[in-house]
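Summary of structural features
Chain residues, written in single-letter form:
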Amino acid sequence: EAGVAQSPRYKIIEKRQSVAFWCNPISGHATLYWYQQILGQGPKLLIQFQNNGVVDDSQLPKDRFSAERLKGVDSTLKIQPAKLEDSAVYLCASSLTVPGGGDTQYFGPGTRLTVL
Amino acid sequence: GENVEQHPSTLSVQEGDSAVIKCTYSDSASNYFPWYKQELGKRPQLIIDIRSNVGEKKDQRIAVTLNKTAKHFSLHITETQPEDSAVYFCAAFSGSARQLTFGSGTQLTVLP
């Protein structure tokens, strides 16, 4: 079974620039998550999709972050404009069943973003 | 919302000794508690999990215990090996918040 794929693996940008991250979940997984992991901390949930609908985006800074999962498979997370404090690893995860059940989440390798 | 506290933040043990990492949670509606291992520069990987209807679960050298009354759960690694060195994260899934909240992580170092 192929795992969660993410690209790019690394990205360096200047503050106020924009950046986009891509995620392809495990085939058949209905739920997709984007997490932000700041160095030395645990992952923090940004947004959760069930198929192509948003389940929870309460911790997404909507003035600069946006995400979509148009066909219920791949997802894109965008930051515009980036700030220095956005430097972090952005992790995508997916799980098999619908949210609410506490099912196992499988993580991708992450995208390490550095904002200069 | 859910709050997960994890201790200690760093832990060094001699190879062959046991390691214990403890977490507490605040939301009594939490019902699923996974533990992830993250090696430097790599993705978090699930190593063991436990649900609220079970008090203990074991998988070879790894075990997790859950005390719902006290709202805490622990990871136990026996006969530690150098390859166990990594950051370990606990997490709690809240049925009411419908999301997984992670602890701050424990850097485990197994000294040869």
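Everything below is about the structure printed above this text.
**Points about the overall build of chain B**
For chain B, the count of helices and strands is zero helices and 11 strands. N-terminal to C-terminal, the α/β element order of chain B is β-β-β-β-β-β-β-β-β-β-β. Counting only C-alpha atoms, chain B reaches 45 × 30 × 20 Å along its principal axes. The buried share of chain B, taken over its 112 residues, is 45%. Taking the 11 positively charged and 12 negatively charged side chains of chain B as two groups, their mean positions are separated by 7 Å.

**Side note on the overall build of chain A**
The helix and strand inventory of chain A stands at zero helices and 11 strands. Helices (α) and strands (β) of chain A occur, in sequence order from the N terminus, as β-β-β-β-β-β-β-β-β-β-β. The C-alpha radius of gyration computed for chain A amounts to 13 Å, which stays within 12% of the reference 13 Å derived for 116 residues, consistent with globular compactness. Considering only C-alpha atoms, chain A reaches an extent of 40 × 25 × 25 Å along its principal axes. A buried classification covers 48% of the 116 residues belonging to chain A. Of the contacts formed within chain A by residues at least 6 apart in sequence, a portion of 54% connects residues at least 24 apart. Taken as a whole, chain A presents about 5,500 Å² of accessible surface, with 51% of it coming from carbon and sulfur.

**A short note on the packing of aromatic side chains**
Scanning all chains against the criterion turns up 13 aromatic pairs over all chains. Each ring, one from Phe-107 of chain A and one from Tyr-36 of chain B, has its centre 5.3 Å from the other, and the planes form 90 degrees; the classification is edge-to-face. Here Phe-107 of chain A is found in strand S10 (residues 106-107), whereas its partner Tyr-36 of chain B is found in strand S4 (residues 30-38) on a different chain. Taken individually, Phe-107 of chain A and Tyr-36 of chain B each receive the classification buried, so the pair is uniform in this respect. Ring centres of Tyr-25 of chain B and Phe-33 of chain B lie 4.8 Å apart, and the angle between their planes is 45 degrees; this geometry places the pair in the tilted category. Note on accessibility: Tyr-25 of chain B and Phe-33 of chain B belong to one class, buried. Ring pairs connect the aromatic residues Tyr-33, Tyr-35 and Phe-107 of chain A together with Tyr-36, Phe-89 and Phe-102 of chain B, which therefore count as one cluster.

**As for the interface of chain B and chain A**
Across the boundary between the two partners, chain B contributes 18 residues, which contact 24 residues of chain A. Both faces considered, chain B and chain A share a buried interface measuring about 1,700 Å² in area, 47% of it formed by carbon and sulfur atoms. Interface area lost by chain B to chain A is led by Arg-43, Arg-98 and Gln-99 of chain B, which between them contribute 32%. Linking chain B with chain A are zero salt bridges, by the criterion used here. Applying the counting rule to chain B against chain A returns six residue pairs in polar contact (both at pLDDT 80 or more). Secondary structure elements with two or more residues in the side of chain B that touches chain A: S4, strand S5 (45-51), strand S9 (86-94) and strand S10 (99-102) of chain B. In terms of residue class, the side of chain B that touches chain A is built from nine nonpolar, five polar and four charged.

**Some words on the nonpolar core**
Note on soluble globular proteins: their nonpolar side chains tend to be buried together. Of all hydrophobic cores here, the largest spans 23 residues; its most connected members are Trp-35, Phe-73, Leu-75 and Leu-108 of chain B. Breaking this core down by element, the ones donating at least two residues are strand S2 (10-14), strand S3 (19-25), S4, S5, strand S7 (62-67), strand S8 (72-77), S9 and strand S11 (106-111) of chain B. Excluding residues that lie within four positions of it along the chain, Leu-75 of chain B makes contacts with Ala-19, Val-20, Ile-21, Trp-35, Ile-47, Ile-48, Ile-62, Ala-63 and Tyr-88 of chain B. By size, the runner-up hydrophobic cluster in this structure holds 21 residues, among which are Val-4, Cys-23, Leu-46 and Val-115 of chain A.

**Some words on the state of the cysteines**
All names here are of chain A. Tallying each qualifying case throughout the model produces two disulfides over all chains. The disulfide partner of Cys-23 is Cys-92, and the gap between their sulfur atoms is 1.9 Å. Its S-S torsion of about -70 degrees marks the bond between Cys-23 and Cys-92 as left-handed, since a negative value means left-handed. Of this pair, Cys-23 sits in strand S3 (residues 19-24) while Cys-92 sits in strand S9 (residues 88-95), placing them 69 residues apart in sequence.

**Re the pairing of strand S4 (residues 31-37) of chain A**
Residues and elements named next belong to chain A. Counting buried residues in S4 gives seven out of seven residues, a clear majority hidden from the surface. Where burial is concerned, the two faces of S4 agree: the one with Thr-31, Tyr-33, Tyr-35 and Gln-37 and the one with Leu-32, Trp-34 and Gln-36 are both buried. Pairing geometry for S4 and strand S5 (residues 44-50), over six bridges, is antiparallel. In the strand pairing of S5, Tyr-33 is matched with Gln-48. Counting the residues that bridge the hairpin from S4 to S5 gives six residues, and of these Gly-40 lies at a positive phi of roughly 85 degrees. Bridging between S4 and S9 involves seven bridges; their strand directions are antiparallel. Paired with Gln-36 across the bridge in S9 is Tyr-90.

Basis of the calculations
- Residues numbered from 1 in each chain as written.
- Chains lettered and ligands numbered in written order.
- Predicted model: local features only at pLDDT ≥ 70, side-chain atom pairs only at ≥ 80, totals over all residues.
- Heavy atoms only, no water.
- Helix = DSSP H or I, 4+ residues; strand = E, 2+ residues; numbered from the N terminus.
- Buried < 20%, exposed > 50% of the residue type's maximum accessible area, 1.4 Å probe, protein only.
- Lys, Arg positive; Asp, Glu negative; His and termini not counted.
- Charge placed at Lys NZ, Arg CZ, Asp CG, Glu CD.
- Rg over C-alpha atoms; globule rule 2.2 N^0.38 Å.
- Contact = heavy atoms within 4.5 Å.
- Areas by Shrake-Rupley, 256 points an atom, 1.4 Å probe, with all protein chains shown as cover.
- Phe/Tyr/Trp six-rings, centres within 6.5 Å; stacked < 30°, edge-to-face > 60°.
- Buried area = accessible area lost by both parts, 1.4 Å probe.
- Salt bridge = Lys/Arg side-chain N within 4 Å of Asp/Glu carboxyl O.
- Polar contact = N/O pair within 3.5 Å; in protein donor to acceptor, adjacent residues only side chain to side chain.
- Nonpolar A, V, L, I, M, F, W, Y, C, P; charged D, E, K, R; others polar.
- Core = buried A, V, L, I, M, F, W, Y, C linked by side-chain atoms within 4.5 Å.
- Disulfide = S-S within 2.5 Å.
- Pairing = 2+ DSSP bridges.

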